[in-house]
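Listed below are the residues making up each chain.
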Amino acid sequence: MRAVVIGSGIGGLLMSSFLAKRGYEVTVLEKAPYVGGRFTNLDYRGFGLSTGAFHMLPHGEDGPLAYLLNLLGANVKIVNSKPKGRIFYGGKTFHYRDGWKYLGWMERVKAMKLLVDIKRNRPPTGEEAEMSGREWIGEKIGDNEFVDLFIKSFLGWADSVLDVPAGELAKEIKAVLRWGGPGLIKGGCKVITGELVRITEESGGRVLTRKRVVGIDPEEKKVITADGEEFAYDVLISNAGIKETVELIGRDNFDRDYLKRVDALKPSEGIKYNVALKGEPRIGNTVVFTLDTGRINGYNEPSSLSPELAKEGYTLIMLHHALQSRNVKAEQEKGIEDIYKIFPNLDKEGEILLVQTYLDGNPVNRVASGQTVENFPIRDVYIVGDAYKLPGGIEVEGIALGVMRTIERLGMGSFSEWYL
């Protein structure tokens, strides 16, 4: 059986690894000169930045992605964060548990009840599930500024949006309750994608870079690249995005209702800031949710686990904010103002190394959390990656859940216990 995988992002490489180990004749086609997509390392001025992600997994060593890596025998070290998170609020940074003091007695009772309901699988349903997640939290707990700012910060950091439907927010909270908080990857993102390439190739597959796909012929079951080469398939895995895959096949092959659903999908977009600070690690292996800022939603410190990601004598901080407008220059200026609010002595202690903006053809996610179009209608073609994240799956954990579903559809395993 021949399998062609379009794109070498985390979703494409997970699928290529499983398919190759199962005996498929696998070919991965990557348009870029490197593998990994937005999940690899970027060497920059002596620092190991990333092409997109934060050298961190949303649920660390206990989440769906870590589980799949373990099944594959990937040589990857993931270390769970301690604490799971910190909060920057009122000009101070403190343990996330100390945030409870900003809730009144009755608000705490309501919040605990809500968490119990979510953990026991009593999510919002019907119209309630479609309402604003932040408004839903407000109705359930009360009009509390701290709570709303925390949810906004969490969503901006985790999903690169400032709100999601209540049903999606409930599932993301359930995911945190079930699998815990984040964890850093020893050596950064490229360790995972590098291991997946190794597994694919050692299992007989091949990974080809500078191979841009320009067309898919579903009748002849072949993929055509920009240099005129054709690759026949029995199974086609697309990590290129659902809209992009539709265009490669040709819109005439899809009915109007399906195209309407696909066209309605919206991406998530944001800006990442890489900051070098002199001296020892500042916060360690954790995430700081920033409630006191106008744009920045959170930050982490990957060099606290992997000193090699920073130049000697420095530590590496990565900050992120979800875009609030299309005026990128103004957004970046406001984000930089926030960085100086968090690190007021930045000019003496370090510098902003690089600002990376993710939008248009290179968004944070091609499909924002809370949106899923199931059942791609072309036979033997499957979508994976950031365009197919199952409900409740945060970033790469959502991609892993989508890969699990795809593996099931190919009859290669069962993962029902992982779905939220």
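Sequence order sets the numbering: in each chain, residues are counted from 1 along the sequence as written. Local features in this predicted model are restricted to residues whose pLDDT is 70 or higher, and side-chain atom pairs enter the listing and the counts only when it is 80 or higher, whereas totals over whole chains, interfaces and linings include all residues. Each side-chain value is worked out from all heavy atoms of the structure, with water and hydrogens disregarded.

**Q** Let's hear about the overall build of the chain: which residues, and what values?
**A** A count of helical and extended segments in the chain gives 13 helices and 20 strands. The size measure is the radius of gyration over C-alpha atoms, and the globule rule it meets is 2.2 Å times the number of residues to the 0.38 power. Relative to the compact-globule value of 22 Å for 420 residues, the chain shows a C-alpha radius of gyration of 21 Å, a close match. Expressed along its principal axes, the backbone C-alpha trace of the chain runs to roughly 65 × 55 × 40 Å. Throughout, exposure labels follow a simple rule: accessible area from a 1.4 Å probe, protein chains only, divided by the maximum for the residue type, with under 20% read as buried, over 50% as exposed, and the rest as partly exposed. A total of 420 residues make up the chain; the buried ones form 57% of that total. Accessibility throughout is a Shrake-Rupley quantity obtained with a 1.4 Å probe, and a residue counts as covered only by protein chains that appear here. When the accessible area of the chain is evaluated, it comes to approximately 18,000 Å², of which 47% is carbon and sulfur surface. Treating the 55 positive side-chain charges of the chain as one cloud and the 57 negative ones as another, the clouds have centres 3 Å apart. Strands here are runs of E lasting at least two residues and helices are runs of H or I lasting at least four, both read from the DSSP assignment and numbered beginning at the N terminus. When charges are counted, neither His nor the chain ends are considered; positive counts come from Lys and Arg and negative counts from Asp and Glu. Charged side chains are reduced to one point each, which is NZ for Lys, CZ for Arg, CG for Asp and CD for Glu.

**Q** How would you summarise the packing of aromatic side chains if you had to cite specific residues and measurements?
**A** The criterion for an aromatic pair is that two Phe, Tyr or Trp rings (for Trp, the six-membered ring) have centres within 6.5 Å, with stacked assigned to planes under 30 degrees apart, edge-to-face to planes over 60 apart and tilted to the rest. Per the counting criterion, the structure on display carries 15 aromatic pairs. Relative to Phe 146, the ring of Tyr 89 has its centre 5.1 Å away and its plane inclined at 70°; by these criteria the two rings are edge-to-face. Pair noted here: Tyr 89 is in strand 7 (residues 86–89) and Phe 146 is in helix 6 (residues 145–159), with a separation of 57 residues, a long-range link. Judged by centre distance (5.4 Å) and plane angle (35°), the rings of Trp 179 and Trp 418 are tilted. Here Trp 179 is found in helix 7 (residues 166–179), whereas its partner Trp 418 is found in the segment after helix 13 (396–409), with 239 residues between them in sequence.

**Q** An account of the side chain of Ser 160 is requested, with residue identities and associated values reported.
**A** Tracing the chain through its elements places Ser 160 in the loop between helix 6 and helix 7. Using a relative accessible area of 4% as the deciding quantity, one classes Ser 160 as buried. Think of a polar contact as two N or O atoms within 3.5 Å of one another; within protein, one of them needs to be a possible hydrogen donor and the other a possible acceptor, and neighboring residues in sequence only count if both atoms come from side chains. Looking at Ser 160, its side chain comes within polar contact range of the side chain of His 320, at 2.7 Å. Any pair of residues with heavy atoms lying within 4.5 Å of one another is described as a contacting pair. Residues in contact with Ser 160, not counting those within four places in the same chain, are Leu 155, Ser 268, Glu 269, His 320, Ala 322, Val 364 and Glu 395.

**Q** Now, about unusual backbone geometry: what can you tell me, with residues and values included?
**A** Trans is the common state for peptide bonds, and a negative phi is the common state for residues other than glycine. Note the cis peptide between Lys 82 and Pro 83, where omega equals -5°. When you line up the elements, Pro 83 lands in the loop between strand 6 (78–80) and strand 7. We note that Arg 45 has phi near 50°; this positive angle belongs to a residue other than glycine. One can find Arg 45 in the loop between strand 3 (41–44) and strand 4 (47–50). For Ser 160, which is not glycine, the phi torsion reads 60° and is therefore positive.

**Q** Help me get a handle on the pairing of strand 15 (residues 270–278), residues and values and all.
**A** Taken across its nine residues, strand 15 has eight buried, putting it largely inside the fold. Strand pairing follows a simple DSSP-based rule, namely that at least 2 bridges must link the two strands. Sheet analysis places strand 15 next to strand 19 (residues 350–358), joined by eight bridges and oriented antiparallel. By the bridge assignment, Val 275 is partnered in strand 19 with Ile 352.

**Q** Run through the layout of surface pockets, naming residues and quoting values.
**A** Gaps left between atoms show up when a probe the size of a water molecule is rolled over them. Residues are said to line a cavity or pocket when one of their atoms sits within 4 Å of a point; the points come from a 1 Å grid over protein atoms alone, cavities being sets where a 1.4 Å probe fits but cannot get out and pockets being open sets with protein on both sides within 12 Å along at least five of seven lines. Grid points are joined across faces, edges and corners, and a volume is the space filled by probe spheres set on the points. Reported here for the second largest pocket is a volume of approximately 270 Å³. What lines the second largest pocket is a set of 15 residues, among which Glu 130, Pro 165, Gly 167, Glu 168 and Gly 370 lie closest to the centre. Sorting the residues of the lining of the second largest pocket by element identifies helix 4 (126–130) and helix 7 as the ones contributing at least two each. No other element matches helix 7, which puts three residues into the lining of the second largest pocket.

**Q** Run through a nonpolar patch on the surface, naming residues and quoting values.
**A** Patch definition: residues above 30% relative accessible area lacking any salt bridge, with like charges linked at up to 9 Å and the nonpolar side chains Val, Leu, Ile, Met, Phe, Trp and Tyr linked at up to 5 Å. By salt bridge we mean one thing: a side-chain nitrogen of Lys or Arg within 4 Å of a carboxyl oxygen of Asp or Glu. A cluster of nonpolar side chains, contributed by Trp 105, Met 106 and Val 109, occupies part of the molecular surface with about 350 Å² of accessible area. Position of Trp 105 among the secondary structure elements: in helix 3 (residues 105–119). For Trp 105, a relative accessible area of 67% gives the class exposed.

**Q** Talk me through helix 7; I want residue IDs and the actual numbers.
**A** Expected span, for any helix, means 1.5 Å times one less than how many residues it has. Between its terminal C-alpha atoms helix 7 stretches 20 Å, which fits the 20 Å expected from 14 residues at 1.5 Å a residue. Of the positions making up helix 7, those classed as buried are Ala 166, Gly 167, Glu 168, Leu 169, Ala 170, Glu 172, Ile 173, Lys 174, Ala 175 and Trp 179. Positive backbone phi, at 85°, marks Gly 180, one or two positions downstream of helix 7.

**Q** Please provide a residue-by-residue account of the sheet that holds strand 5 (residues 56–57), values included.
**A** An order of 5-9-6 is seen for the three strands of this open sheet, with the pairing classed as antiparallel. Because the sheet does not close on itself, it has two edges, and the strands there are strand 5 and strand 6. Two elements, strand 5 and strand 9 (residues 183–185), share two bridges in a ladder whose sense is antiparallel. The partner of Met 56 across the bridge, within strand 9, is Leu 184.

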